[in-house]
Amino acid sequence: MEGTDKDAISSLRSVAHPVRLRILSMLTAQPMSAAEVARELDLTHANASYHLRVLHDAGELVVESEEKIRGGTAKRYRYVVGGDPTRPPGPPSVEDGIAWQQATHTEVIRRMTHRVKGPSSSSDIETWVTPETWRAAIDLVSQAMVLLHEQARPARTEGTLHVSASSQAFVMGDPE
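The numbering scheme is per chain: residues are counted from 1 as the chain's sequence reads. Restriction of local features to residues with pLDDT of at least 70 applies here, the model being predicted, together with a cutoff of 80 or more for giving and counting side-chain atom pairs; totals for whole chains, interfaces and linings are based on all residues. In computing side-chain values, all of the structure's heavy atoms are included and hydrogens and water are not.

## A few points about the pairing of strand β2 (residues 72-79)
Side chains on a regular strand alternate between the two faces of the sheet.
Then, number 1: Sheet topology note: the strand β1 (residues 61-69)/β2 ladder contains eight bridges and is antiparallel. Note on β2: the bridge partner recorded for L61 is Y79.
Then, number 2: Linking β1 to β2, which pair antiparallel, is a turn of two residues; within it R70 sits at a positive phi near 45°. Whether two strands pair depends on DSSP finding at least two bridges between them. Numbered from the N terminus, helices here are DSSP runs of H or I no shorter than four residues, and strands are runs of E no shorter than two.

## Here we look at the confidence of the model for the protein
Then, number 1: pLDDT runs from 0 to 100 and stands for how confident the predictor is about each residue. The predicted model of the protein has a mean per-residue pLDDT of 85, with 87% of residues at 70 or higher.
Then, number 2: Of all the helices and strands in the protein, helix α1 (residues 3-15) carries the lowest mean pLDDT, 58, while helix α3 (residues 34-41) carries the highest, 96.
Then, number 3: Confidence drops under pLDDT 50 across residues 1-9; counting only partners more than four residues distant or on other chains, this segment forms six contacts. Contacts: residue pairs with any heavy atoms within 4.5 Å of one another.

## Some points on the pattern of salt bridges
Then, number 1: In the sections that follow, a salt bridge refers to a side-chain nitrogen of Lys or Arg positioned within 4 Å of a carboxyl oxygen of Asp or Glu. The tally for this structure, following the rule as stated, stands at six salt bridges.
Then, number 2: Notably, a salt bridge pairs E36 with R76, separated by 2.6 Å at the nearest N-O pair. With E36 in helix α3 and R76 in strand β2, this residue pair connects regions lying 40 residues apart in the sequence.
Then, number 3: Residue R111 is joined to E107 by a salt bridge in which the shortest nitrogen-to-oxygen separation is 3.1 Å. Linking R111 with E107, this pair stays in helix α5 (residues 94-112), spanning four residues, or about one helical turn. Each member of the pair, R111 as well as E107, carries the same accessibility label: buried.
Then, number 4: One salt-bridge network, held together by shared partners, links E107, R110 and R111. Exposure categories follow from relative accessible area, calculated using a 1.4 Å probe and restricted to protein chains: below 20% of the type maximum is buried, above 50% is exposed, and the middle band is partly exposed.

Right, here's the structure in full:
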């Protein structure tokens, strides 16, 4: 397997875990240390450090800063929306895409247990459309997700809502 293929798979597999998906969501709004992640998600420090290291090694997180604490160094990580821009793009394998979907669905189900009344949207479709319609739809979904990532605020910031948004859209081949 070539390096770029292995890197793309490693990146996708790195986020195919419900705890890591939660970490990415948290680190969209603010950089955090392993100790802060552990407190927020009720994890051990070692467990939080492990998940942060996996995400960092896969190019999903960057070290925002380092701070000397009690003779050691605490790294504060930040999520790079879309992953490391220097990582070569590559399509994931079907198996890796399924692993990511399973982790995402597990996380969405967890989030649904915290759902409260308020504006929401749910939709599902498998259909046929023109390439132009597909491109327009993908652009709108992408714009919405980028907006949410760019406007994310630290947890429990006054005047904010705790929200969840997930998106999957892809072109399908004909069933065999």
